[in-house]
Amino acid sequence: MAGVAGPMMRRTRAGAARFLAGLTVGGIAGGLVLSLPVYLLGSALTSVMPLTGRVLLLAAICAVLAWADLRHRTPHVWRQVPQGLVRTLPPGSLGVVWGFDLGLLFTTQKTTSLIWAAMAAILLLEPSLAAAVLVGVSVLASVGVTVWSLSRTAGLPGVVERGAQWQKLVRRGTGVLLLGMAAVTVAQTLQG
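Conventions adopted
Residues numbered from 1 in each chain as written. Predicted model: local features only at pLDDT ≥ 70, side-chain atom pairs only at ≥ 80, totals over all residues. Heavy atoms only, no water. Phe/Tyr/Trp six-rings, centres within 6.5 Å; stacked < 30°, edge-to-face > 60°. Helix = DSSP H or I, 4+ residues; strand = E, 2+ residues; numbered from the N terminus. Core = buried A, V, L, I, M, F, W, Y, C linked by side-chain atoms within 4.5 Å. Buried < 20%, exposed > 50% of the residue type's maximum accessible area, 1.4 Å probe, protein only. Contact = heavy atoms within 4.5 Å. Axes fitted to C-alpha atoms, helices over the stretch in contact; angles between N-to-C directions. Parallel < 35°, antiparallel > 145°, perpendicular 65-115°, else oblique. Nonpolar A, V, L, I, M, F, W, Y, C, P; charged D, E, K, R; others polar.

Colleague: Would you take a moment to explain the packing of aromatic side chains for this structure?
Modeller: Ring pairs (aromatic) are described by centroid distance and by the angle formed between their planes. Counted under the stated rule, the structure contains one aromatic pair. Relative to Trp98, the ring of Phe19 lies with its centre 5.8 Å away and its plane at 85°, an arrangement referred to as edge-to-face. In this pair, Phe19 is assigned in helix α2 (residues 13-48) and Trp98 in helix α4 (residues 91-103), connecting sequence segments 79 residues apart.

Colleague: Please clarify how the nonpolar core should be interpreted in this entry.
Modeller: Within soluble globular proteins, side chains that are nonpolar generally end up buried alongside one another. Ranked by internal contacts, the top residues of the largest apolar core, which has 19 residues, are Leu34, Val38, Cys62, Met119, Leu134 and Leu178. Of all the secondary structure elements, the ones that give two or more residues to this core are α2, α3 (51-70), α5 (114-125), α6 (130-150) and α7 (159-191). Considering each element in turn, this core owes the most residues, seven residues, to α5. In this structure Leu134 touches Gly31, Leu34, Ser35, Val38, Leu105 and Met119, once residues within four positions along its chain are discounted.

Colleague: Could you clarify how one ought to interpret the packing of α2 against α5 in this entry?
Modeller: When two helices pack together, their arrangement is captured by the angle between the axes and the distance separating the axes. Relative to each other, α2 and α5 sit at 45°, their axes nearing to 7 Å. By the angle between their directions, the pair α2 and α5 is classed as oblique. For the pair α2 and α5, contact is made by Leu34, Val38, Leu41, Gly42, Leu45 and Thr46 and by Met119, Ile122, Leu123 and Leu124, respectively. Looking at the contact of α2 with α5 residue by residue, the classes come out as eight nonpolar, two polar and no charged.

Colleague: Looking at this structure, how should I read the environment of Thr74?
Modeller: Note on placement: Thr74 falls in the loop between α3 and α4. For Thr74, a relative accessible area of 7% corresponds to the buried category. In the structure, Thr74 is positioned 101 residues away from Gly175 in sequence and 9.5 Å away in space, judged by C-alpha atoms. Not counting chain neighbours up to four residues away, the residues in contact with Thr74 comprise Ala68, Asp69, Lys110, Thr111, Thr112, Ser113 and Arg171.

Colleague: Before we go on, may I ask you to explain the side chain of Ser142 in this structure?
Modeller: Within the secondary structure, Ser142 sits in helix α6. When residues no more than four places from it in sequence are discounted, the contact partners of Ser142 are Leu23 and Thr24.

Right, here's the structure in full:
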């Protein structure tokens with residue numbers, strides 16, 4: 001996103017602002033659409049599965065996600081937002097389409113498994129928070145893209161390569177964090 005918005009910002013600030021606003025609006029819409037099945041499935045699970053079972057299942061999911069991140073195998077589809085739309089849609093519409101795609105969470109690449117862990121926690125523990133959390137994730141992602149786009153380094157040579165190195169470090173960190181969360185969750189559940 002910043003690879004598009006950053007250069008767009010240098011060409012036309014108004015177009016970049018429309019793109020970033022559209023990205024936020026589309027992300028909110030995508031998050032809302034995703035929150036409905038998460039809420040419904042989570043409500044069904046919480047009504048039939050005891051809390052201890054759900055908590056232990058969440059710990060197991062966090063452990064699997066930790067393993068995936070530590071092995072640099074974060075689960076996601078190998079797809080990004082439709083790149084061809086850059087040339088066919090005006091900036092605001094492009095932002096809405098890409099934001100919606102990103103807001104659905106399942107349709108794009110992920111750097112870490114933290115989003116999956118958060119979704120599992122919502123699903124298994126508090127499905128009523130689905131809309132707030134999933135829309136919040138989309139808004140935070142849009143804010144991140146906006147901040148990155150406004151930085152002087154967005155779109156400069158070498159930034160992508162440094163980003164790949166940074167992603168490996170972040171994945172290791174989230175893997176350790178998720179593993180710790182799983183261990184603490186199991187320990188607390190077995191004590192209580």
